[in-house]
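Letter by letter, the chains look like this.
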Amino acid sequence: VFGLVAAVGTNLSEFNDTFCDLLRKFGYEPTAIRLTKLLQEHVAEPGTVAHGNEAERLETLMAAGDDLRTKLGRGDAMALLSVLGIASHTESYRGTAARAYVVRQLKHPEEIATLRRIYGDRFFAVALYSTDDERLAHLSKRQNIEHTEARRLMKRDEEDESNFYGQRTRDTFQLADVFIRLNHKDYE
């Protein structure tokens, strides 16, 4: 199980594709576990995670994750959701090729602690780093989010100081097993 940690605005698509190719090269069939998808499918009330643009989508998904952690009083609520997602896939893959699960993406330190307790040395936290300028450029140029709004989302994602159960990517990032610098020269 690989848990990805990345700040909002980090372009994960290219990394994810390359990483999954490497997993296949080493005999593993990768399975994506998208926490926001699981949240929308199994937790959120239908229609409550609606959005009109990318900024609203990010804000709504952050709020939905925060709400789940707050309601349960658990910083690891999203990690528990990932375990359910992994378990649902595991049953259908019995007897097939070795599997690797790629969890996107962890945002609270307790998520890493819980996944380490559950999966032990079969869990690896992978922190992906892009500079603030690269993330801002990705959000504004690629996602069409206004600079002020993009900066506000980036700050909230790094550390939601008003809510213990909020986004705490900065604290989560430092707990990773490996750190990878993503270089996005095409944003400049």
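Below you will find a few notes about this structure. Since the model is a prediction, treat every value here as computed from it, not as a measurement. (Residues numbered from 1 in each chain as written. Predicted model: local features only at pLDDT ≥ 70, side-chain atom pairs only at ≥ 80, totals over all residues. Heavy atoms only, no water.)

Digging into the sheet that holds strand β3 (residues 98-104)
Inference 1: The strand order β2-β3-β1-β4-β5 describes an open sheet built from 5 strands, whose pairing is parallel. Of all the strands in the sheet, the pair left with one neighbour each is β2 (28-34) and β5 (178-181). Averaged over all pairs of adjacent strands, the angle between their axes in this sheet comes to 25°, without regard to strand direction.
Inference 2: Here strand β4 (residues 124-129) runs beside β5; their pairing, made up of 4 bridges, is parallel. In the sheet register, leucine 128 faces β5, and the bridge partner there is isoleucine 180.
Inference 3: Of the strands in this sheet, β1 (2-6), β2, β3, β4 and β5 are in contact with helix α1 (residues 13-25), which crosses β2 at around 145°. (Pairing = 2+ DSSP bridges. Helix = DSSP H or I, 4+ residues; strand = E, 2+ residues; numbered from the N terminus. Axes fitted to C-alpha atoms, helices over the stretch in contact; angles between N-to-C directions. Contact = heavy atoms within 4.5 Å.)

Section: the nonpolar core
Inference 1: Val1, Ile86, Val103, Leu106, Leu115, Tyr119 and Phe123 are the most contacted members of the largest nonpolar core, which totals 24 residues.
Inference 2: Those elements giving two or more residues to this core turn out to be α2 (35-42), α3 (54-72), α4 (77-92), β3, α5 (109-119) and β4.
Inference 3: The greatest single-element share of this core, amounting to 6 residues, is contributed by α4.
Inference 4: Those residues within four positions of phenylalanine 123 in sequence are excluded, and the remaining contacts are Val1, Phe2, Gly3, Leu106, Ile112, Leu115, Arg116 and Asp177.
Inference 5: In terms of nonpolar packing, the next biggest core, distinct from the first, is built from 12 residues, Ala6, Leu12, Ala100 and Leu182 among them. (Core = buried A, V, L, I, M, F, W, Y, C linked by side-chain atoms within 4.5 Å. Buried < 20%, exposed > 50% of the residue type's maximum accessible area, 1.4 Å probe, protein only.)

A look at α3
Because each turn of an α-helix spans 3.6 residues, side chains separated by three or four positions in sequence point in the same direction.
Inference 1: The end-to-end C-alpha separation of α3 is 27 Å, in line with the 27 Å expected for 19 residues at 1.5 Å each.
Inference 2: For α3, the side-chain oxygen to backbone nitrogen distance between the N-cap and alanine 55 is 3.1 Å, and the N-cap itself is asparagine 53.
Inference 3: After α3 finishes, the residue glycine 73 shows a positive phi value of roughly 65°. (Expected span 1.5 Å × (residues − 1). Polar contact = N/O pair within 3.5 Å; in protein donor to acceptor, adjacent residues only side chain to side chain.)

A few points about the layout of surface pockets
Inference 1: Taken as a whole, the largest pocket encloses approximately 600 Å³ of empty space.
Inference 2: If you list the elements that add at least two residues to the lining of the largest pocket, you get α2, α3 and α6 (132-142).
Inference 3: Sorting elements by how many residues they give to the lining of the largest pocket places α3 first, with 7 residues.
Inference 4: Broken down by class, the residue content of the lining of the largest pocket amounts to 9 nonpolar, 10 polar and 8 charged. (1 Å grid on protein atoms, 1.4 Å probe; cavity = no way out; pocket = protein on both sides within 12 Å on 5 of 7 lines; lining within 4 Å. Points joined across faces, edges and corners; volume = space filled by probe spheres on them. Nonpolar A, V, L, I, M, F, W, Y, C, P; charged D, E, K, R; others polar.)

Brief notes about α1
Inference 1: Under the 1.5 Å per step criterion, the end-to-end length of α1 is 19 Å for 13 residues, consistent within 8% with the ideal 18 Å.
Inference 2: Listed as buried for α1 are Phe15, Asn16, Phe19, Cys20 and Leu23. Projected down its long axis, α1 carries its buried residues within an arc of 125°, all on one side. The exposed residues of α1 that point more than 90 degrees off its buried face are Glu14 and Lys25. (Arc of directions from axis to C-beta.)

Digging into the packing of α6 against helix α7 (residues 147-158)
Inference 1: Across the interface, α6 lies against α7 with an axial gap of 9 Å and an inter-helix angle of 125°. By the angle between their directions, the pair α6 and α7 is classed as oblique. Note that α6 runs across α7; the crossing there is right-handed. Along the contact surface, α6 presents Asp132, Arg135, Leu136, Leu139 and Ser140, while α7 presents His147, Ala150, Arg151, Met154 and Glu158.
Inference 2: When grouped by side-chain class, the residues that make up the contact of α6 with α7 number 4 nonpolar, 2 polar and 4 charged. (Parallel < 35°, antiparallel > 145°, perpendicular 65-115°, else oblique. Left-handed = near helix turned anticlockwise from the far one by under 90°.)

Side note on the pattern of salt bridges
Inference 1: Inspection of every chain in the model, using the stated rule, returns 20 salt bridges.
Inference 2: In this structure, arginine 69 and glutamate 111 form a salt bridge, with 3.5 Å as the shortest nitrogen-oxygen distance. Of this pair, arginine 69 sits in helix α3 while glutamate 111 sits in helix α5; the two residues are 42 residues apart in sequence, bridging distant segments of the chain. Glutamate 111 matches arginine 69 in its accessibility class, with the two residues each being buried.
Inference 3: With a closest N to O distance of 3.1 Å, arginine 170 and glutamate 158 form a salt bridge. Of this pair, arginine 170 sits in helix α8 (residues 169-173) while glutamate 158 sits in helix α7, placing them 12 residues apart in sequence. (Salt bridge = Lys/Arg side-chain N within 4 Å of Asp/Glu carboxyl O.)

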